[in-house]
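Below are the chains, spelled out letter by letter.
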Amino acid sequence: MNIILVEEWEIQGGLVVLDDRRAVHIQKVLKATVGDRVRVGVVNGPMGSGRVASVVKGRPTRVELVVELGELPTHQPEIDIILAL
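One numbering rule holds for all chains: residues counted from 1, following each sequence as written. Only residues with pLDDT of at least 70 are given local features in this predicted model, and only at 80 or more are side-chain atom pairs given and counted; all residues enter the totals for whole chains, interfaces and linings. Excluding hydrogens and water, the side-chain values take into account all heavy atoms of the structure.

**Q** If you had to explain the sheet that holds strand β5 (residues 62-71) to someone new, which residues and values would you point to?
**A** Read across the open sheet, the five strands follow the order β1-β3-β4-β5-β2; overall the sheet is mixed. What marks the edges here is a single partner per strand, and that holds for β1 (4-6) and β2 (15-18). Recorded for the sheet is a direction-independent mean angle of 40° between the axes of neighbouring strands. Here strand β3 (residues 37-42) pairs with strand β4 (residues 47-56) via five bridges, running antiparallel. A pair of strands counts as paired when DSSP detects no fewer than two bridges linking them. Only DSSP runs of H or I reaching four residues or more are called helices, and only runs of E reaching two or more are called strands; each is numbered from the N terminus. Orientation is described by lines fitted to C-alpha atoms, with helices fitted over the stretch in contact, and by angles between N-to-C directions that extend from 0 to 180 degrees.

Here it is, written out as structure tokens:
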């Protein structure tokens with residue numbers, strides 16, 4: 001599952017402006033355009049979605065997301081991975 005992780009301080013008035021590798025990922029890998037929704041989560045915090053408000057291609061690529069957070073993260077299992085031979 002793709003989810004764009006942001007720090008809590010990056011959210012200003014419900015808007016996140018990305019101009020790093022996350023913006024490039026949204027634009028090139030997810031191929032999101034204005035109006036599309038992407039999964040967004042705050043590091044160690046709630047999850048939700050972000051509507052792409054604008055995309056500026058170039059150097060640096062810049063993406064603005066209007067975020068709506070409300071889902072709490074699920075409980076993580078105590079076992080991370082099981083290996084068998």
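Okay, back to it.
**Q** Report on the side chain of T61, specifying residues and quantitative values.
**A** Inspection of the secondary structure assignment puts T61 in the loop between β4 and β5. The class of T61 is buried, set by a relative accessible area of 8%. A contact between two residues is defined here by any heavy atoms of the two lying within 4.5 Å. Excluding residues within four positions of it along the chain, T61 makes contact with L18, D19, D20, A23, V24, Q27 and V56. A simple rule labels every residue: compare its accessible area, found with a 1.4 Å probe on the protein chains alone, to the largest value its type can have, and call it buried under 20%, exposed over 50%, or partly exposed in between.

**Q** With reference to specific residues and values, describe unusual backbone geometry.
**A** In this structure, K31 takes a positive phi of about 55° despite not being glycine. As for its placement among the helices and strands, K31 is situated in the loop between α1 (21-29) and β3. Phi angles above zero are rare outside glycine, and N44 is one such case at about 55°. Relative to the assigned elements, N44 resides in the loop between β3 and β4.

**Q** An account of the pattern of salt bridges is requested, with residue identities and associated values reported.
**A** The salt bridge definition used is simple: a Lys or Arg side-chain nitrogen within 4 Å of an Asp or Glu carboxyl oxygen. Per the counting criterion, the structure on display carries four salt bridges. With a shortest N-O distance of 3.2 Å, E64 and R62 are connected by a salt bridge. With relative accessibility at 34%, the residue R62 sits in the partly exposed group. The structure contains a network of salt bridges with shared partners spanning E10, D20 and R22.

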